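Observations on the model geometry
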Amino acid sequence: MTFSQKLDSWYNDFGRTLPWRGIDDPYRIWLSEIILQQTRIEQGRDYYLRFVEVFPTVADLAAAGEEQVLRLWQGLGYYSRARNLHAAAIYIMNKCGGEFPSSYEGILMLKGVGRYTAAAIASFAFRLPYPVIDGNVYRFISRLYGIATPIATDAAYKEFEALLLKKIDRRHPDRFNAALMDFGSLQCKPVPDCAQCPFADECVALRTERVGVLPVKIPKAKPRDRWFYYFDLRWKEGGREHTLMEQREGKDIWRGLYQFPLLETDTELSCRQLQMEAARFAKDNFQLSSFDYQLSPPFLHQLTHRTVHALFLRVELSSPPAFFPEKTRVLSMEETKNVPVSRLIDRYLHTL
Ligand code: SF4
């Protein structure tokens, strides 16, 4: 049996049934692929279903406001994916006449779409023979052929792509790619059950006892620590409790999401330092000269390249602050539930 026949036979027995499988709508396939980048299938499935319900077509997504898209994305993390999705939908409507690009190169032009996603859309929606290469596929193929090139590098991508281009089923690239992805994630797992594997008799890693060392990965840099001190100013007005929030700007994490006014430092502040820095921050930003605050328990939020240590300073005011920066908005506590926020802010709001 050839590689693709063996793979297909395994897929027949063990392949997954997913809402975005067996369809050829490029918009829905694209949505699923962007959602599933850095997200587990179980979690991504709900988000995918919600997105296609709220935005059934690319025109609906393009017509939405970015805030609405971010709000629907809330909890998935890596918010640049949502912003790119929205920007690409607008691009398709404005520059492609509302037609989803149907060539690999055209798909690659979409913001947030890399080689892996372009190959997935091209093969699933348009039956074009581009192999998908994600972390699971790297693991399976590197073990099967004993390839020790460090993965997730440009050299590795070219090497694996050239190899898989010789193996891909050109009549059914969609099915081939779905099988490849499922095999890497369900059978050739980090700790695989090789006794049940249809490729066991030809697997180089198994024969040479290198299953545990392949694929070769380049060690990741240690995440950088950041300390966030949020100011949760509260006062009552018209019988309702209010606070101040602002949208994050600049090229940084959580751009476009709402947060409490933030004092950020490179090192952890002692109690004394925090008192001094908080006094300075409150004077500069809200012209508050004297105030008390209550500190929240510490929150730790782990991102791929950063570790965020957060504390929330709750300040009770008898009336609205007389001054606050222009970018800051007054929100009732009810309204804070309707704006997009990071998982960290959401966790804090839920502890109240
Ligand atoms: S024999 Fe084991 S390591 Fe080799 S491809 Fe199969 S599951 Fe992966």
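Residues numbered from 1 in each chain as written. Predicted model: local features only at pLDDT ≥ 70, side-chain atom pairs only at ≥ 80, totals over all residues. Heavy atoms only, no water.

**Some details on the packing of aromatic side chains**
Summed over all chains, the structure comprises 27 aromatic pairs. By way of ring pairs, the aromatic residues Phe3, Trp10, Phe14, Phe140, Phe176, Phe183 and Phe199 are connected into one cluster. For Arg50, the ring lying beneath its charged end belongs to Tyr47, and the centroid distance is 4.6 Å. The residue whose ring lies beneath Arg115 is Tyr157, and the NZ or CZ to ring-centre distance is 3.9 Å. (Phe/Tyr/Trp six-rings, centres within 6.5 Å; stacked < 30°, edge-to-face > 60°. Lys NZ or Arg CZ within 6 Å of the ring centre and 35° of its normal.)

**Digging into the site of the ligand**
In the vicinity of the ligand, the residues found are Phe140, Arg143, Gln187, Cys188, Pro192, Cys194, Cys197, Ala200, Cys203, Leu206 and Val211. Residues belonging to the shell around the ligand are distributed by class as follows: nine nonpolar, one polar and one charged. (Near = heavy atom within 4 Å. Nonpolar A, V, L, I, M, F, W, Y, C, P; charged D, E, K, R; others polar.)

**Section: the nonpolar core**
By size, the foremost hydrophobic cluster in this structure holds 96 residues, and its most contacted members are Trp30, Phe140, Ile141, Leu180 and Tyr230. With eight residues, helix α8 (residues 115-126) is the single largest residue contributor to this core. Residues in contact with Tyr230, not counting those within four places in the same chain, are Trp254, Gln259, Phe260, Pro261, Leu262, Ala310, Leu311, Phe312, Leu313, Leu344 and Ile345. Listed in part, the 18 residues of the second largest apolar core include Tyr229, Leu244, Leu288 and Leu311. (Core = buried A, V, L, I, M, F, W, Y, C linked by side-chain atoms within 4.5 Å. Buried < 20%, exposed > 50% of the residue type's maximum accessible area, 1.4 Å probe, protein only. Helix = DSSP H or I, 4+ residues; strand = E, 2+ residues; numbered from the N terminus. Contact = heavy atoms within 4.5 Å.)

**Quick word on the pattern of salt bridges**
Counted according to the given criterion, the structure contains 21 salt bridges. Ionic pairing is found between Arg28 and Asp25, a salt bridge with its closest N-O pair at 3.7 Å. The class of Arg28 is partly exposed, set by a relative accessible area of 27%. Here the salt bridges share partners, and the residues they tie into one network are Asp232, Arg234, Glu241, Arg314 and Glu316. (Salt bridge = Lys/Arg side-chain N within 4 Å of Asp/Glu carboxyl O.)

**A closer look at the side chain of Thr328**
Within the fold, Thr328 resides in strand β8 (residues 328-332). When near neighbours in sequence (up to four residues on either side) are disregarded, Thr328 contacts Leu244, Met245 and Glu246.

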